[in-house]
Amino acid sequence: MAHTLTAGFTKTHPGGASIQGELGLPIDTHSVTILFGPSGCGKTTVLRSIAGLERPESGLIRCGDDVWFDAENRICLSPQRRNIGFVFQDYALFPHLTIRQNIGYALRGTPAGEKARRIEEMIERFELTELDRRHPWQISGGQKQRVALARALVRSPRLLLLDEPLSALDTTLREEVRDELRGHLRKIGIPTILVTHDREETRLLGDQLVVMDKGRVQQSGPVEHVFKNPVNHAVARSLGVQDKNAGGRASDDARPKPPNHTP
Amino acid sequence: MDWQAIGLSLRLSFCTTLILVLLGLPLAWWLAQTRWRGRFLIEAVVALPIVLPPTVLGFYVLMAISPRSPLGMFYESWFGQRLPFSFQGLLLASVLYSLPFAVQPFISAFTTIDRRFLEASWCLGESRTRTFFRVAIPLAWPGVLSGIVLSFAHTMGEFGVVLMVGGNLEGVTRTVSISIYDHVQALDYHTAGQTSLMMLAFSFAVLAVTYSLQRRFVHAWPTR
């Protein structure tokens, strides 16, 4: 219990759509949990609620022994106090700051020597040496992603959250950056939750898989296990695999490929 | 040329702008961020000076600061002097009169900021106040500069409110616009013309320099 992130909550959007998040993942070992589902199924809302950027109406979110959200006791820790790293869909790098300043943004108050050392470490690890004096609009999509990772990781968060980190890239670049991202995620050793609607990404990047549909968690477990044993037709269809219960194959074309954006 | 009036107008504009930046930035930030339903009421109050005749605004300010009003009595007991027909009274009226010219550009600048930049800063551990200074102000800078220039220029040119609240006391409340009006009334077209020309040149120079700086150094940051 002490070494898991557990979340069970309900968040209703002003439009009326209700999202139920139910997650449990280990936070003492490194693993990448994929939050998978079609566009609009509520996976980004779940991620944002874990980050503290959305406030659910009911439920509980605990990280280890810390209560992050408890509707009954009116506890809702701000994002500042959760010590998370968040990588946004289009990275949200501060346009008025250079790459170096972006990476060092979270280190205000850190002694100058220590700050420079940690920024340098990130710049080296993410191969940004040539770019550190440029601004975000002067670098490519793949480079932006590396800067966003470096910025999120510089203060060693206890949890890394990535919201569709590859969807802002064009198709040709996506594969290359995906492989790069896989390498980085293996190396950083921080438990990670990654939101995506891409099956390839899910298989290549994830250890654990949580499949969502229509605002509910449908199934969770190790990635390959879920791909081989979908619990219902909705999961099989969104993963594009055979639904053993129904005996037929859910075609890849059964559902149009969702657009990049999720609310 | 009425140098004393020019000096007084500059001093009044400077003080008004300074107060408007200190009051207007937090107010505009709050208005741009809040989801409070009554927000439109505050926005309407802030915008009132745009539609009200200056004499109406001046009349109410004069009533509000008169020695028999609570504010007037409080000020007199605290500072030992009266607000009407004083520089301080004029300053108060100017701040109210120029409020929308500062706050509205500030609000539009703040509302154009992509919320994700603010959220990114919060997730990096920075408080809302720090985020305001480190992210919101730099990203809204062109709009903030517009608000500063507009409120300065607007205060330099005000006439009706000054006449109502400040009157025409040489060196205390006689601003450039009052001085020009005075000289025309006294048929001293020569002095009025000189002061007017000076005002025209000054205003043009300030605006030209601002726009040139804005174009060269302060551009809206590309966000992609």
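Since the structure is predicted, the reported quantities are computational estimates derived from the model, not experimental observations. (Residues numbered from 1 in each chain as written. Chains lettered and ligands numbered in written order. Predicted model: local features only at pLDDT ≥ 70, side-chain atom pairs only at ≥ 80, totals over all residues.)

## Comments concerning the overall build of chain A
For step 1, the next point in the chain: A tally of helices and strands in chain A yields 8 helices and 11 strands.
For step 2, the next point in the chain: A compact globule built from 263 residues would reach a C-alpha radius of gyration of about 18 Å, and chain A, at 19 Å, matches this within 12%.
For step 3, the next point in the chain: Over its C-alpha atoms, taken along the principal directions, chain A stretches across nearly 60 × 50 × 35 Å.
For step 4, the next point in the chain: Sorting the 263 residues of chain A into buried and exposed places 45% on the buried side.
For step 5, the next point in the chain: Within chain A, counting contacts between residues at least 6 apart in sequence, those at least 24 apart form 63% of the total. (Helix = DSSP H or I, 4+ residues; strand = E, 2+ residues; numbered from the N terminus. Rg over C-alpha atoms; globule rule 2.2 N^0.38 Å. Buried ≥ 20, exposed ≤ 12 C-beta atoms within 10 Å, placed from the backbone. Contact = placed C-beta atoms within 7 Å.)

## Regarding the interface of chain A and chain B
For step 1, the next point in the chain: Contacts between chain A and chain B engage 16 residues on the former and 17 residues on the latter.
For step 2, the next point in the chain: Looking at the side of chain A that touches chain B, its residues break down into 12 nonpolar, 3 polar and 1 charged. (Nonpolar A, V, L, I, M, F, W, Y, C, P; charged D, E, K, R; others polar.)

## Thoughts on the environment of A:Gly16
For step 1, the next point in the chain: Turning to its location among the elements, A:Gly16 is positioned in the loop between strand 1 (4–12) and strand 2 (18–26).
For step 2, the next point in the chain: Here A:Gly16 falls in the exposed class, since 6 other C-beta atoms lie within 10 Å of it.

## Some remarks on the sheet that holds strand 2 of chain A
The pairing of strands in a sheet comes from backbone hydrogen bonds and takes either a parallel or an antiparallel form.
For step 1, the next point in the chain: One open sheet holds the 5 strands; their spatial order is 2-1-4-5-6 (chain A), and the pairing between them is antiparallel. This sheet does not close on itself; its edge strands, each paired only once, are strand 2 and strand 6 (75–76) of chain A. (Pairing = 2+ DSSP bridges.)

## Comments concerning helix 8 (residues 141–156) of chain B
Residue and element names in this part refer to chain B.
For step 1, the next point in the chain: The first and last C-alpha atoms of helix 8 sit 23 Å apart over 16 residues, in line with the 22 Å expected at 1.5 Å per residue.
For step 2, the next point in the chain: Judged by how many residues are buried, helix 8 sits mostly within the fold: 12 of 16 residues are covered.
For step 3, the next point in the chain: The set of residues buried in helix 8 consists of Gly143, Val144, Ser146, Gly147, Ile148, Val149, Leu150, Ser151, Phe152, His154, Thr155 and Met156. (Expected span 1.5 Å × (residues − 1).)

## Looking at the packing of helix 1 (residues 3–33) of chain B against helix 5 (residues 87–111) of chain B
Residue and element names in this part refer to chain B.
For step 1, the next point in the chain: Taken N-terminus to C-terminus, the directions of helix 1 and helix 5 make an angle of 45°; their axes are 7 Å apart at the nearest point. Judged by the inter-axis angle, helix 1 sits oblique to helix 5. Judged by the sense of rotation from one axis to the other, the crossing of helix 1 with helix 5 is right-handed. Of helix 5, the residues touching helix 1 (which contributes Leu12, Cys15, Thr16, Ile19, Leu20, Gly24, Leu25, Leu27, Ala28, Trp29, Leu31 and Ala32) are Leu90, Leu91, Ser94, Val95, Ser98, Leu99, Ala102, Val103, Phe106, Ile107, Phe110 and Thr111.
For step 2, the next point in the chain: For the contact of helix 1 with helix 5, the per-class residue count stands at 19 nonpolar, 5 polar and no charged. (Axes fitted to C-alpha atoms, helices over the stretch in contact; angles between N-to-C directions. Parallel < 35°, antiparallel > 145°, perpendicular 65-115°, else oblique. Left-handed = near helix turned anticlockwise from the far one by under 90°.)

## A few points about unusual backbone geometry
Residues and elements named next belong to chain A.
For step 1, the next point in the chain: Non-glycine residue Ser156 carries a positive phi angle of around 45°.
For step 2, the next point in the chain: Relative to the assigned elements, Ser156 resides in the loop between helix 4 (141–153) and strand 8 (159–163).
For step 3, the next point in the chain: By C-beta crowding, Ser156 is classed as exposed, having 11 other C-beta atoms within 10 Å.
For step 4, the next point in the chain: Although it is not a glycine, Glu164 sits at a positive phi angle of roughly 40°.
For step 5, the next point in the chain: Here Glu164 is to be found in the loop between strand 8 and helix 5 (171–188).
For step 6, the next point in the chain: Using a count of 24 C-beta atoms within 10 Å as the deciding quantity, one classes Glu164 as buried.

## Looking at the nonpolar core
For step 1, the next point in the chain: The biggest cluster of nonpolar side chains holds 120 residues, and the ones touching the most others in it are A:Ile34, A:Leu35, A:Ala150, A:Leu161, A:Val210 and B:Phe106.
For step 2, the next point in the chain: The dominant element in this core, judged by the number of residues it contributes, is helix 5 of chain B, at 14 residues. (Core = buried A, V, L, I, M, F, W, Y, C linked by C-beta atoms within 7 Å.)

## Thoughts on the sheet that holds strand 11 (residues 216–222) of chain A
All names here are of chain A.
For step 1, the next point in the chain: Spatial strand order, 7-8-9-3-10-11: 6 strands in an open sheet with mixed pairing. Lying at the two open borders of the sheet, with one neighbouring strand each, are strand 7 (84–87) and strand 11. Taking the axes of each pair of neighbouring strands and ignoring which way they run, one obtains an average angle of 15° across the sheet.
For step 2, the next point in the chain: As judged from the 4 bridges shared by strand 7 and strand 8, these two strands associate in the parallel manner. Across the sheet, the residue bridging to Gly85 is Leu160, located in strand 8.

Shape is all these values report; function is a separate question.
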